[in-house]
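Observations on the model geometry
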Amino acid sequence: MTERGQVIRPLIATTVIAAVAVGAAYTFGPGAQAEKVGAEKAGRTVAPKAQRQQVRAETLTAADTCAVNEKYPKRQLRGVWVATVHNLDWPSKPGLPPERQKAEYVKILDNAVKRRLNAVFFQVRPASDAIYRSSLEPWSQWLTGTAGQDPGWDPLPFLVDEAHKRGLQFHAWFNPYRAADSASSRLPAGHPARLHPDWTVKHEGKLYYNPGLPQVRGWVTKVVTDVVKRYDVDGVHFDDYFYPYPGQGTRFADQAAYKKYGKGLTLADWRRHNVNQLVAEVSQAVHSAKPHTVFGISPFGIWRNKTEDPAGSATKGMSAYDSIYADARAWIKAGSVDYVMPQLYWPRGFAAADYSVLARWWADAVKGTAVDLYIGQALYRVGAADTPAWTKAGELPAHLTLNRKHPEISGDVYFSAAQLVKNPLGVLDRIVKSHYARPALPPVLRASATPPVAPRVVKASGGTLTWQAQPGAQAYGIYRVADKDASCATADARNLVAVVPASGAPSYAAGASGTYYVTTVDRLGNESPATRAG
């Protein structure tokens, strides 16, 4: 991975794609049985995706007969990445007082709510450091300007709570293998790479943990599990960095580990095996610690090209499978991830990596599995003059329109939070108008045999809806129809006017006339029958 000053591509890498194929370097921002076996190894039960997304408790929807409008998806992940490395998104600079840091974060969340998003993917571990109080790794330099320096508060409880107050899921984003932003950095006392220099590899100016060492996999799993156990996060998220991206062609110095642990595999197969092992170990640990917590990865957008593998995509770019040893297809087949979020940062019609081609390929890759598919969208590229398609405000919204052709695509996540404020070319206004005109519930993680209890004592008085708080509620869905015929009221989001975060005394300001219905949504996304306001 490399950085280009403060212009850092999504998930902090600049990648050269199809340099030979297009004649110039194009740099840009960032089986059923196998599924069952993978799920069992992870110690959890995973229903087929179609079953998980069936909202079985909605007795008023007459699901078998209701027509569903694809323009108003009821279940859709809408997220944004919040990067902390190099102060890309938060905080705006190191050394700010806690109150200023809090204010900046709240502004990010309020902009997310304004755009009807429902999830944030927040970078809590940029490089073997912590944006939270940890006994395992030092405080991040991006908080105070000095690695290891205590900022005087633990940001993570605040970050999580403020997201939940606004009905936003909070996914903790980790970089698994980056040990230090620079190989020449002086590591704080107690830094794991300082205590275990044999775990590390210096490579083209960076310091990495060696993915081939069992101790490294164990350490990464321990760090992730610590966060899941101590904080109320909804998910664990890995970015696209595994083995280093191709840079100057320097060989990654893992020969000793390969000699010790290779066990007859080719070097490439061994490296992929190392990554697959980490993914499986983290998955099992996360779900064992808190079964409701999801684990997913945002891989580079090209698994392999068709010229390299008949199962690959009709593209001509860098292969994640061959270059950074990330085999997303293997994770999907093993069921070791709950979702994949490929970074499709190219426009439609781009010769080396056409968005239309890749969206279809990834949809096919998850079809028939329990793995959800979200698309990483290059909001940061909108307005860029180096590619004609990105100079057009309609390009990114067109990606979402194209996604409707693939029911396997369950949402989109945008890089990055800074662009929520900038709103390049007014693109977010277009997206909200054409695609996010209504709120959406996040996709169901796992279907519950027992649906949540429907809201009770739902009353409408003086323009305000009130109801009794329900045990286990994460949120409540508010639906409004023009008359009392609610047979299809909750079939899609046409009648969904709000998703209200759970509280001790839930309420909603019902400004428009009509008949209102309220549902209970639990932590796994399951929804109760709808209760009509009396």
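Note that the structure is predicted; figures quoted are calculated from it, not measured.

Observations concerning the side chain of Asn118
Tracing the sequence through the fold places Asn118 in the loop between α4 (98-114) and β4 (119-125). A polar atom in the side chain of Asn118 sits 3.2 Å from the backbone oxygen of Ala440. Non-local contacts of Asn118, meaning those with residues more than four positions away in its chain, are made with Gln76, Leu77, Arg78, Gly167, Leu168, Gln169, Ala440, Leu441 and Pro442.

Thoughts on the confidence of the model for the protein chain
Looking at the protein chain, the pLDDT average stands at 89 and 88% of residues meet or exceed 70. The model gives residues 1-48 a pLDDT under 50, and that stretch makes 146 contacts with residues more than four places away or in other chains. Considering only residues more than four positions removed or in separate chains, one finds that residues 50-59, a stretch of pLDDT under 50, has 29 contacts.

Examining the state of the cysteines
All told, the structure shown has 1 disulfide when counted by the stated rule. In this model, Cys66 is linked to Cys488 through a disulfide, with the two sulfur atoms separated by 2.0 Å. Linking Cys66 and Cys488, the disulfide has an S-S dihedral of approximately -90° and is accordingly described as left-handed. Placement of Cys66 in the loop between α3 (49-53) and β3 (77-82) and of Cys488 in the loop between β16 (473-481) and β17 (496-501) is noted, with a sequence separation of 422 residues between them. The class of Cys488 is partly exposed, set by a relative accessible area of 32%.

Some thoughts on the packing of α4 against helix α6 (residues 155-165)
In the contact formed by α4 and α6, the axes pass within 10 Å of each other and the chain directions differ by 30°. With respect to their mutual orientation, α4 and α6 come out roughly parallel. Where α4 crosses over α6, the handedness of that crossing is right-handed. For the pair formed by α4 and α6, the contact residues are Lys102, Tyr105, Val106 and Leu109 on the first element and Phe158, Leu159, Glu162 and Ala163 on the second.

Some details on the nonpolar core
Of all hydrophobic cores here, the largest spans 125 residues; its most connected members are Trp90, Tyr105, Phe170 and Phe238. The greatest single-element share of this core, amounting to 8 residues, is contributed by helix α13 (residues 355-366). Look past the residues within four positions of Phe170 in its chain and what remains in contact with it is Tyr105, Val120, Phe122, Leu156, Leu159, Val160, Ala163, His164, Val233, Asp234 and Gly235. Ala473, Ile478, Tyr516 and Ala533 belong to the second-largest nonpolar core, a separate cluster that totals 12 residues.

A look at the packing of aromatic side chains
The description of two aromatic rings rests on the distance between their centres and on the angle between their planes. Evaluation of the coordinates by the stated rule reveals 27 aromatic pairs. Between Phe300 and Trp346 the ring centres are 5.7 Å apart and the planes differ by 85°, which places this aromatic pair in the edge-to-face class. Separated by 46 residues along the polypeptide, Phe300 in the loop between β10 (294-297) and α11 (320-323) and Trp346 in the loop between β11 (339-340) and α13 bring together distant segments of the chain. Comparing Phe300 with Trp346, the two get one shared label, buried. Put simply, the rings of Trp90, Tyr105, Phe122, Trp153, Phe158 and Phe170 pair up and form one aromatic cluster. The positively charged end of Arg178 is found above the aromatic ring belonging to Tyr241, 5.4 Å away from the centroid. Taking the ring centre of Tyr321 as reference, the NZ or CZ of Arg272 above it sits at 3.8 Å.

Some thoughts on the environment of Ala482
Mapped onto the secondary structure, Ala482 falls in the loop between β16 and β17. Looking at Ala482, the relative accessible area reads 78%, which means it is exposed. Between the C-alpha atom of Ala482 and that of Ala512, which follows or precedes it by 30 residues, the distance is 9.8 Å.

Let's talk about the sheet that holds strand β8 (residues 206-209)
To summarise the sheet geometry, strands pair through backbone hydrogen bonds and adopt either a parallel or an antiparallel arrangement. Spatially, β6-β8-β7 is the arrangement adopted by the 3 strands of the open sheet, whose pairing is antiparallel. If you trace the sheet from one side to the other, it starts and ends with β6 (178-180) and β7 (200-203), each paired once. Between one strand axis and the next, the sheet turns by 40° as a mean value, whatever way the strands run. Here 4 bridges tie β7 to β8, and the two strands are oriented antiparallel to one another. When the sheet's bridge partners are listed, Lys202 is paired in β8 with Leu207.

Rules behind the numbers
Residues numbered from 1 in each chain as written. Predicted model: local features only at pLDDT ≥ 70, side-chain atom pairs only at ≥ 80, totals over all residues. Heavy atoms only, no water. Helix = DSSP H or I, 4+ residues; strand = E, 2+ residues; numbered from the N terminus. Polar contact = N/O pair within 3.5 Å; in protein donor to acceptor, adjacent residues only side chain to side chain. Contact = heavy atoms within 4.5 Å. pLDDT = per-residue confidence, 0-100. Disulfide = S-S within 2.5 Å. Buried < 20%, exposed > 50% of the residue type's maximum accessible area, 1.4 Å probe, protein only. Axes fitted to C-alpha atoms, helices over the stretch in contact; angles between N-to-C directions. Parallel < 35°, antiparallel > 145°, perpendicular 65-115°, else oblique. Left-handed = near helix turned anticlockwise from the far one by under 90°. Core = buried A, V, L, I, M, F, W, Y, C linked by side-chain atoms within 4.5 Å. Phe/Tyr/Trp six-rings, centres within 6.5 Å; stacked < 30°, edge-to-face > 60°. Lys NZ or Arg CZ within 6 Å of the ring centre and 35° of its normal. Pairing = 2+ DSSP bridges.

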